[in-house]
Amino acid sequence: MSDTHAQTVPFVRDTMVEEQEPPLSQSGAYKWTRENLFSTPLNIILTVVSLFVIWLVLSHTLPWAVLGIWDADSLAQCREIRDEIYGPDASVACWAVIAERWNQLLFGFYPPELYWRPVLAFVLFLAAIAPVLFASVPRKALWFSAAAPFVLYWLLWGGSLWGPIAVGAGFALGAVVMRFATPALGALAGVLLAILVPLLYWFTLCAPLAGALNAVIPLELVDVRSNDMGGFMLAMIIGISGIALSLPLGIVLALGRQSDLFIINKCSVIFIEVIRGVPLIVWLFTASLLLNYFLPPGTNFDLMLRVIIMVTLFSSAYIAEVVRGGLAALPKGQYEAADALGLDYWKSMRLIILPQALKISIPGIVNTFIGLFKDTTLVVFIGLLDPIGLSNAIRASTDWNGIYWELFVFIGLCFFIFCFSMGRYSLFLEKKLRREHR
Amino acid sequence: MQQQATETIDRSHMTVSDEVAIQITKMNKWYGNFHVLRDIDLTVHRGERIVIAGPSGSGKSTMIRCINRLEEHQAGKIVVDGTELGSDLKNIDKIRSEVGMVFQHFNLFPHLTILENCTLAPIWVRKVPKKEAEATAMHFLEKVKIPEQAHKYPGQLSGGQQQRVAIARSLCMKPRIMLFDEPTSALDPEMIKEVLDTMVSLAEEGMTMICVTHEMGFAQAVANRVIFMDAGQIVEQNEPKAFFNNPQHERTKLFLSQILGH
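Computed from a prediction, not measured in an experiment: that's the story for all the values here.

(A) Focus on the overall build of chain A. Per the secondary structure count, chain A includes 17 helices and 2 strands. Relative to its 438 residues, chain A shows a buried fraction of 37%. Long-range contacts, defined as pairs at least 24 residues apart, comprise 73% of the intrachain contacts of chain A with a sequence gap of at least 6. When the accessible area of chain A is evaluated, it comes to approximately 26,300 Å², of which 70% is carbon and sulfur surface. Taking the average location of the 28 positive side-chain charges in chain A and that of its 30 negative ones, the two points are 10 Å from each other.

(B) Quick peek at the environment of B:Thr113. All names here are of chain B. As for its placement among the helices and strands, Thr-113 is situated in the loop between strand E6 (99-102) and helix H4 (114-124). Placed 39 residues apart in sequence, Thr-113 and Lys-152 show a C-alpha to C-alpha distance of 5.4 Å. The residues contacting Thr-113, other than those within four sequence positions of it, are Ala-150, His-151, Lys-152 and Tyr-153.

(C) Spotlight on the side chain of B:Gln149. Structurally, B:Gln149 is set in the loop between helix H5 (130-143) and helix H6 (159-171). If sequence neighbours within four positions are ignored, B:Gln149 has contacts with B:Ile114, B:Leu157 and B:Gln161.

(D) Representation of the packing of aromatic side chains. One pass over the full model with this rule turns up 19 aromatic pairs over all chains. Three or more aromatic residues joined by ring pairs make a cluster, and in this case those are A:Phe232, A:Phe373, A:Phe415 and A:Phe418. The ring of B:Phe109 carries the charged tip of B:Arg169 above its face, separated from the ring centre by 4.5 Å.

(E) Molecular detail of the interface of chain A and chain B. The interface is formed by 20 residues belonging to chain A together with 23 residues belonging to chain B. When the two sides are added together, the surface that chain A and chain B hide from each other amounts to roughly 2,100 Å², 61% of it contributed by carbon and sulfur. Ranking the residues of chain A by area buried against chain B places A:Ala340, A:Leu341 and A:Arg435 at the top, with a combined share of 30%. Of the charged contacts, one joins A:Glu336 and B:Arg65 as a salt bridge, the two residues approaching to 2.5 Å between their closest N and O atoms. Here chain A is connected to chain B by 6 residue pairs in polar contact (both at pLDDT 80 or more). Mapped by element, the contributors of at least two residues to the side of chain A that touches chain B are helix H14 (332-340) and helix H15 (345-375) of chain A. The leading source of residues in the side of chain A that touches chain B is H14(A), at 8 residues. Counted by class, the side of chain A that touches chain B contains 8 nonpolar, 4 polar and 8 charged residues.

(F) Looking closely at the sheet that holds strand E5 (residues 83-84) of chain B. Residue and element names in this part refer to chain B. Reading across from one edge, E2-E1-E4-E5 is the order of the 4 strands in this open sheet, with antiparallel pairing throughout. Both edges of this open sheet fall to strand E2 (34-45) and E5, since each of them pairs with a single strand only. Summarising the sheet, strand E1 (residues 20-31) and E2 pair through 8 bridges and their orientation is antiparallel. Paired with Gln-23 across the two strands is Thr-43, which belongs to E2.

(G) Looking closely at the sheet that holds strand E10 (residues 233-238) of chain B. Residues and elements named next belong to chain B. One open sheet holds the 6 strands; their spatial order is E6-E7-E8-E3-E9-E10, and the pairing between them is mixed. Looking along the sheet, the strands with just one partner apiece sit at the ends: E6 and E10. Going from strand to strand, the sheet's axes swing by 20° on average, the running direction of each strand aside. Here strand E7 (residues 177-181) runs beside strand E8 (residues 208-212); their pairing, made up of 5 bridges, is parallel. The residue bridging Met-178 from the neighbouring strand is Met-209, located in E8. Packing against the sheet, helix H10 (residues 250-259) makes contact with strand E3 (49-53), strand E9 (225-230) and E10, and its axis sits at approximately 100° to E9.

(H) How the structure looks around the domain arrangement of chain A. Examined at the domain level, chain A breaks down into domain 1 (25-66), domain 2 (159-221) and domain 3 (225-438). One C-alpha centre belongs to domain 1 of chain A, the other to domain 2 of chain A; they are set 63 Å apart.

(I) How the structure looks around the pairing of E6(B). Residues and elements named next belong to chain B. What you see with E6 is no split at all: Val-99 and Met-101 on one side and Gly-100 and Val-102 on the other are buried throughout. Direction of pairing for E6 relative to E7: parallel, over a ladder of 4 bridges. Paired with Val-102 across the bridge in E7 is Phe-180.

(J) Structural view of the nonpolar core. Judged by nonpolar contacts, the single largest core of 94 residues is most densely connected at A:Met229, A:Ile238, B:Ile22 and B:Ile52. If one sorts the elements of this core by residue count, helix H13 (residues 303-329) of chain A sits on top with 11 residues. In contact with A:Met229, not counting residues within four places along its chain, are A:Phe107, A:Tyr110, A:Leu156, A:Trp157, A:Val224, A:Leu234, A:Ile237 and A:Met304.

(K) Region of interest: helix H16 (residues 387-396) of chain A. Three or more residues of H16(A) are buried, namely A:Pro387, A:Gly389, A:Leu390, A:Ser391, A:Ile394 and A:Arg395. Where H16(A) is buried, its residues contact helix H4 (96-107), helix H10 (231-258) and helix H17 (405-433) of chain A.

(L) Local environment of unusual backbone geometry. Residues and elements named next belong to chain B. The backbone of Phe-106 shows a phi angle near 65°, a positive value even though the residue is not glycine. When its relative accessible area of 11% is taken as the criterion, Phe-106 is described as buried. Of note in the backbone geometry, Asn-107 takes a positive phi value of approximately 55° without being a glycine. Note on placement: Asn-107 falls in the loop between E6 and H4.

Conventions used here
Residue numbers restart at each chain and count upward from 1, following the sequence in its written direction. By the order in which they are written, chains take letters starting at A while ligands take numbers starting at 1. Note on the predicted model: pLDDT of at least 70 is required for a residue's local features to be given, and 80 or more for side-chain atom pairs to be given and counted; whole-chain, interface and lining totals, by contrast, use all residues. Side-chain calculation: all heavy atoms of the structure are included, whereas hydrogens and water are not. Helix and strand labels come from DSSP, where a helix needs a run of H or I of at least four residues and a strand needs a run of E of at least two; each type is numbered from the N terminus. Think of it in three bands: residues with accessible area under 20% of the maximum for their type are buried, residues over 50% are exposed, and the middle band is partly exposed, with areas taken using a 1.4 Å probe on protein chains only. When checking whether two residues touch, look at their non-hydrogen atoms; a contact exists if any pair is within 4.5 Å. Methods summary: accessible areas were calculated by the Shrake-Rupley approach with a probe of 1.4 Å, and residue burial reflects only the protein chains presented. This count recognises Lys and Arg as positive and Asp and Glu as negative, with His and chain-terminal groups excluded. Where a charge lies is defined by one atom per residue type, namely NZ (Lys), CZ (Arg), CG (Asp) and CD (Glu). Only Phe, Tyr and Trp rings are paired, with Trp represented by its six-membered ring, and only when their centres lie within 6.5 Å; those with planes under 30 degrees apart are stacked, over 60 edge-to-face, the remainder tilted. We call a charge positioned above a ring when the Lys NZ or Arg CZ atom is no farther than 6 Å from the ring centre and deviates by at most 35 degrees from the ring normal. As a working definition, buried area equals the accessible area (1.4 Å probe) given up by two parts on being put together, with both sides summed. When a carboxyl oxygen of Asp or Glu lies within 4 Å of a side-chain nitrogen of Lys or Arg, that pair is called a salt bridge. N or O atoms within 3.5 Å of each other form a polar contact, as long as, within protein, one can give a hydrogen and the other can take it, and as long as residues adjacent in sequence are counted only when both atoms are side-chain atoms. All residues other than Ala, Val, Leu, Ile, Met, Phe, Trp, Tyr, Cys, Pro, Asp, Glu, Lys and Arg, Gly among them, are scored as polar; the first ten of these are nonpolar and the last four charged. For two strands to pair, DSSP has to find at least two bridges joining them. Whenever a helix is involved, its axis is fitted only over the stretch in contact; in every case the axis is a line through C-alpha atoms, and angles between N-to-C directions fall within 0 to 180 degrees. Reported domain spans reflect what an automatic or database domain assignment gives. Nonpolar cores are built from buried Ala, Val, Leu, Ile, Met, Phe, Trp, Tyr and Cys residues. Side-chain atoms within 4.5 Å join them into one set.

Written out as C-alpha cells, the structure is:
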C-alpha cells in the first residue's frame, strides 16, 4: 500500500543533484552516426544504398577530372596523349582547352597588352565593395566606394578620365541642390530641382566641360570598345552594375507601390507588372533591336549599356516585390510608433521601416541577385560574348572543334563560386543583424 | 489590486491649470459605414489626468489615436495646444512631436538599442546634438529605473521593462501631453505594477495625461476625471470618487459591477 502512495506524500529535497556527464554511448561521433545513419533497419539499408550511389557517381567522374590532360594545343593532340598514357578507350578530360584559352574566357577579345586594366579594376572593385559589405571597415572608405564606379568605367573603357569625373560632378551637383533647396522650397520642390538641375547639366555643360578640362590636363587611356569585351569580365560588368543599380530602384518601386498617392502607386504597379510579366530575353531583344527606333537618329547608344539598363529594370521589378514582402511583414505598430514620434515619411522609412524590411528581405534579395547574375548568360542571344558565347567561339576554331564538357564544367564552376559566395554572404549578414537572444 | 500600491500618493502638487491643452468638439469618425465615434466633446486642461474606461470596441483607443492623428476624424474639430488638426502635414508632425504616445504592444524599434530608441526622435526631429540627446535619454532611463539596459536591444528585455523604455522614449521628446493606449494590457501581473508606478510618478510631476486603461486602482489614485465610453460615445464622466461610488448611467453601473465584481 505504502508504495502506491509514494508520489502523494509531502516531499522536501535536502540535497541538490549535481550536473553530470551524459553516458559515453550518448555523445560524440558514435551517437551522431547511430542517430543519423543507422537508427533503424530501413535507415541502414538506405545508408548503404546511398553510399553505393555516391561511389558509382564519383568513380566515373573523379578519374575523368583528375586524370585530365592539361598540356596540349588541340583536341586532336589531347587524344593522342590520352592514347599514349591511358589507352584509346579511357575517358579523361581535356583541360588543355582551359589552359590555352582561359585569357579569352576571362577577358573576351580585350587587347592582351591591356589586361592589367580589368585586373586592376577588379582589385579596386573588391576594395570599393568591402566597406559596403562589412561594417567593420572604416565608414570613411564609403567615399572611395562612391567614387569607384567612375574610375572603374575609365579603367575598363579607357578615354579621358575627365568624362566620368564630369558625369560624377552631376551627382554632386544634385546633392548640393537638394541640400540647399529643400529647406528653402520644401521637400517635393527640392527633390524635383535636385533631379532637374543635374539633368540639364548633363545634357548641356557636361561634355564641353570634360573636353575643356582634358585639353588642360590630359588624362587618357587607350579606348577599348564594348564589342571587344567578353567572358567573365562581361558577365561581371553586367551582373554587378545590374545588382548595384537595381537595389535602390527596387526599393523606390516598393515604396511607390505602398504609397497612398494614386498616380505614383499606379505607375509603380504598372511598371512592376509589365516588366515582370515579359521574359528577360524579350527585353534583351528589345534593347538590342527596337531601342534604336525610339532613340533620335544618329545617337549611338552602346549595346552593353542598353543591356545593363534592361537587366537593371528587370531585376528591380523583382527586388520591388521582395522588398514589398518585407514591408508588409512589419507590424503596423512600427509605422505608428514612428509617426507618433513626429518622424516624417522619409525619415521614418529610412530610420525605422527600411532597415527592418530590408533585413527581412535579405534572402529574397540575394536570391534575385543570384538569378540576375546567372541570367547574364542570356546576352549570348543578342551577340554579346559572355562565357557561353565564348565557348561557342572557341569550339568554332578547328583546334577545339567538338569539345563541350570541359568548357561547360569550367564555366559552371566559376558561376557556382560567385553565386555560392553571394549566398554565404547573405547568411553571414542575416546572422550579424539578428537582434534576438544575444 | 493596485489600490494598496497607489492610494497613498501625494496629490497636493498635482495642480490643474485653466489653460486648455486639448479641445475636442463634435468629433465624429466612421470606418466605412460603421460610426465608431459619435459627437465626442472633450476639454482637457493642462495638468489634468484623465482615465478612459469602457468595454472593448467602445472607441476608447480610436479616440485617443485621433488626438495625434494616427486615425483621421471625418467631422468636428480637434485642437491640440492651440493647433487645429487638419490635413496639413506640417501641423500633424508638429502636434505629434508635442504629444507622446505609449502603445499596448510597446512598439519599440527592435533593430535599435534602448539608447538609440530614445535618442532617435530628438536627434532627427528636434535636431538635438547627439551627446545632449544621449544625456537626456540616460536621465529618463534612470527615471524609469533601467539605465543599466541602455545598450541592450528591446528583444532582450521583459515586457514591463520594454514598456518603461517606451515611456522614456516618449519623454525624451519633452512632450506637453502624454497619451497611454492600454499600456498594461499586454503585461504579466507582476510587471503591471512597475509600469503603473512609472506612470504615477509622471502624474505627480504634473504631466497632462490621457490613459485608456482597465486598471481601476490607478484611476482612483491618480485621475482627476474618469470618462466612461460605450458604443462610440461618452456615456458618463465624473471625479473618480463619485464615478466609482455613485455611478449614474445604467451602462456604467453594469460595467463597474462586471469589473469590480470579484
